[in-house]
Amino acid sequence: MKSKTVCAGLLFLIAAAAVNGFGFGVTTTVPTTRLQTRYTGLSSPIFLTNAGDGTRRIFIVERGGIIKVVQPGSNTPTTFLNISTLTTVDGERGLLGLAFHPQYKTNRRFFVYYTLPAPDGSLRISEFEASPSNPNVALTTVKPIITIPHSTNSNHNGGTIAFGPDGFLYAAPGDGGGGNDPPNNAQNINSLLGKVLRIDVDVPAGQTAPYLIPSTNPFAGTTPGADEIYAVGVRNPFRWSFDRGGTNQLWLADVGQNSWEEVDVIVNGGNYGWRVYEGFVCTGLDANLCTPTNYVQPVFVYSSENTTSRCSITGGYVYRGTQGTLPNGSYIYGDYCTGEILLWHGGQQIPLHDIADFNLVSFGEDEDGELYVVQANTGIVQKVVPAKASADFDGDFRTDLSVFRPGNNTWYIRSTSTNAISIQPFGAAGDIPTAEDYDGDRKTDIAVFRPSTGVWFYIRSSDVTFNVVGWGETGDIPAAGDYDGNARSDFVVFRPSNGRWYTRRSSDGSFTTAQWGVAGDVPVPGDYDGDGKYDIAVWRPTDGRWYSINSANDGIKVNGWGETNDIPATGDFDGDGRNDLVVFRPSTNVWYLKRSVDNTFVTANWGAAGDIPVVGDYDNDNRDDIAVFRPANGIWYVIGSTSGITQYGGWGVPGDIPVPSVDNP
C-alpha cells in the first residue's frame, strides 16, 4: 500500500475496458445496500473468509498473528490459531492471508501467508491442520511450504493466497517494495517477486518435496524461468480472488505507484506490464519496451494521482451470492485511503459506500457468497446487505403506514417518506393479509391467504401481475418469509393441528416440512442467526418461551422471554442482522427487548390498552423501531431508533389490520 494524505472527496472516475478503451460517466443503477456491523473489538483485522466445509463459520485474520473463528448465529470470535511468535507487525508485514484446502472438511488442512520477523521479512506460506477433536481449534504444528526472500523493504508483500478451481494453491507476492521496483523484479522471470505463483500442495505420500509444480505453469521444467510462476508483471497485488461462478476467473487488484490503480483478470502466462506500464500508461522506466500488445491490459483503472484522495486499491470479489445483494457477476472493490466502496458493473465504476474511518484493508466472502468489509484501524467487520424494510410498498426502505380493512377488503397505504396514498381493493371476507416481497424487487407486495381454500393471492410490485398459489388448508396460519435466502418470500404455513410447518421454496419450487410447535403456539419466523434466511420459530404463551431452528446449522434454541398474554413483536432493533426477542405486554403497555448483539435487556413503556404492535423500520436506519397502532383513533405511535418519537395520525379505523403487525421484519 501507499501512504498519502486522506480526503473523503470523490475523485472523477475513469473506467476502462481492456478491449474498448476508456468510458466516462455513471448511468447504470444497482440495488441500494447497507453496511451492517457484525463483529467488533478485533485487533487489526486484515482478512475474512470461510472454510467451505458446510459449517458456515467465519474466519477472521488479525495481522498480529491470530486467526479468529465465529460460529453461525454468534458475534463473538474465539481463537482458532495463534502464530504471533512466527511473525511481527512491521510496515506492511504480519499475518496477511489464509486459505482452506478444497477438501478441508475431510483432511483438516489449511494454509497461511505471513512475513517472517524483521529483519528477515521473508514471505512464507505454511501448512497447519485443525484439531481432530475440536474443529474450532487448530494444531500448532507448522509445516513450511515455500519461503520467498523479501528483506530489503517492508512493503509490497502481497497478502492473498487462494485455491483455484484447478485445485492448486495460488499466491501473489509484491515486487519487493521501493519506488518503481528498482531491481525490476516484476519483469524478471527468475524472481518470484512481482508475480502470481501457482503450486501443487497435494504431494503424494512418500515424496519429501513440500510442493510440486503444475506441468502447465509457463516456465515449468526446462523452460527458462522460475517453475512456480503463473503470471508476471504485477506491483503489489494485495487483495485478489477467484470468481466462484462464470469461468472462475482470477480478478486481481494491483496497487499502483503514484498514478493509476488497476484491476486485471489473470491468465496463465500473462504479463501485466509493471514496471513498464502502470495501468494503461507507459511509465518511461523502460521506454523501449512500451509496446501495448506485449502485455495484458487492465479490465479497468482509476486515478490515484491526486495526493489528497484515493491512493491504494483494495480488491474484492465478483458477486455470486444467493441473496441478490448486488447484481450477479458484478465486482466489488474499494480504496484503502478514502474508504470508498465501489462496484464494477455494466462497464462502469459505481460508488456504493464511503466509510468515514478509512483503512479498508479487505473484503470477505461467506459460504453463501455474501460479502463483508474489513476495516483495520476500527477493528470492525461489516456485512454488505440489501437495503430493505418490512411493509415497504414504495421501495424507500421505510415501513409504510398500511392497513387491510376486512369490512371492504381494501388496502390503504400511506408512504412514511412522501405521504403518497394508495388504495387497492384486494381480498375477500376471512382473508389474512400476508404482505411480503414475493418477487425480489425489495418492495412489499399486496397479498392475502384464504384459509377457506388454502390459496394465496398476491400482486407482484415489479410488474403488477396477479398471481395465485395453492398452499395450505383451513386452520393453517400463514408464516411467509425468505427461508431459502434468495431475496424472495416463500409460501409457508404453520398447522396447529399437528404442529408442522409446510414450506414451498421460491428458489426451486420444492416442498419441505418440519415438525416444530404445538397447538396454541404463535409463529414468529425471522432471521435469528444472521445468515440472511428466515428461521422456523414459535413463541409459546403457556411458558413464555421462544423455540427456534437456526437455518445456518439446524441448531435448536430455546429462550425464556415473556409471559402469558404477551404479544411477541420480534425484529432487529439493534441492527446486527439478527432478530431480537421482543414482547409487548398489554397489561402494563411495556415492551421487553432482549438484544441479540450483546444479550442485554431493554424495557420501554410505550402504548395503551388495545394498541397493536407494528414493528418496522420507519426512519430508514437499518434498525427496527418500537411502534404501535391505536385502532381507537387511527394514530401510529413510533419511537424511531434514529428519528425519535413520531406520531402519524389518521390512518386506520377500528377493525383494520395493520400490515406491519403481520409482516415480520
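Residues numbered from 1 in each chain as written. Predicted model: local features only at pLDDT ≥ 70, side-chain atom pairs only at ≥ 80, totals over all residues. Heavy atoms only, no water.

Observations concerning the pattern of salt bridges
Phase 1: Taken as a whole, this structure holds 27 salt bridges when the rule is applied.
Phase 2: The residue E127 makes a salt bridge to K143 at a minimum N-O spacing of 3.9 Å. Residue E127 is located in strand β10 (residues 123-129), and its partner K143 is located in strand β11 (residues 143-148); the two are separated by 16 residues in the primary sequence.
Phase 3: Of the charged contacts, one joins R405 and D656 as a salt bridge, the two residues approaching to 2.8 Å between their closest N and O atoms. (Salt bridge = Lys/Arg side-chain N within 4 Å of Asp/Glu carboxyl O. Helix = DSSP H or I, 4+ residues; strand = E, 2+ residues; numbered from the N terminus.)

Brief notes about the sheet that holds strand β30 (residues 410-414)
Phase 1: Pairing within the open sheet is antiparallel, and its four strands lie in the order β31-β30-β29-β52. Two strands lie at the open edges of the sheet, namely β31 (421-425) and β52 (657-658), each paired on one side alone.
Phase 2: As judged from the five bridges shared by strand β29 (residues 401-405) and β30, these two strands associate in the antiparallel manner. Residue pairing in the sheet places F404 in a bridge with W411 of β30. (Pairing = 2+ DSSP bridges.)

Some remarks on the packing of aromatic side chains
For any two aromatic rings, the description comes down to two numbers: the centre-to-centre distance and the angle of the planes.
Phase 1: In this structure the tally under the stated criterion is 33 aromatic pairs.
Phase 2: Residues F300 and Y333 carry aromatic rings whose centres are separated by 5.0 Å and whose planes lie at 45 degrees to one another, so their mutual orientation is tilted. Taken as a pair, F300 in strand β21 (residues 300-303) and Y333 in strand β23 (residues 331-335) lie far apart in primary sequence, 33 residues in all. Exposure class is identical for F300 and Y333. Each is buried.
Phase 3: Its end group placed over the ring of Y547, R540 keeps NZ or CZ at 4.2 Å from the ring centre. (Phe/Tyr/Trp six-rings, centres within 6.5 Å; stacked < 30°, edge-to-face > 60°. Buried < 20%, exposed > 50% of the residue type's maximum accessible area, 1.4 Å probe, protein only. Lys NZ or Arg CZ within 6 Å of the ring centre and 35° of its normal.)

So, the sheet that holds strand β38 (residues 500-504)
Phase 1: Spatial ordering of the open sheet is given by β36-β37-β38-β39, a layout of four strands whose pairing is antiparallel. Here the strands that pair on one side only, and so sit at the sheet edges, are β36 (477-478) and β39 (511-515).
Phase 2: Across five bridges, the pairing between strand β37 (residues 491-495) and β38 is antiparallel. Bridge assignment links F491 to a residue of β38, and that residue is R504.

Considering the pairing of strand β24 (residues 340-345)
Phase 1: The buried fraction of β24 amounts to five of the six residues, a majority that puts the element mostly inside the structure.
Phase 2: Adjacent in sequence and paired antiparallel, β23 and β24 are bridged by four residues, among which G339 carries a positive phi angle near 75 degrees.
Phase 3: Adjacent in sequence and paired antiparallel, β24 and strand β25 (residues 348-354) are bridged by two residues, among which G346 carries a positive phi angle near 65 degrees.

Observations regarding the confidence of the model for the protein chain
Phase 1: Averaged over every residue, the pLDDT of the protein chain is 93; the share at 70 or more is 95%.
Phase 2: A low-confidence stretch, residues 1-27 stays under pLDDT 50, and its non-local contacts, those more than four residues away or across chains, total 85 contacts. (pLDDT = per-residue confidence, 0-100. Contact = heavy atoms within 4.5 Å.)

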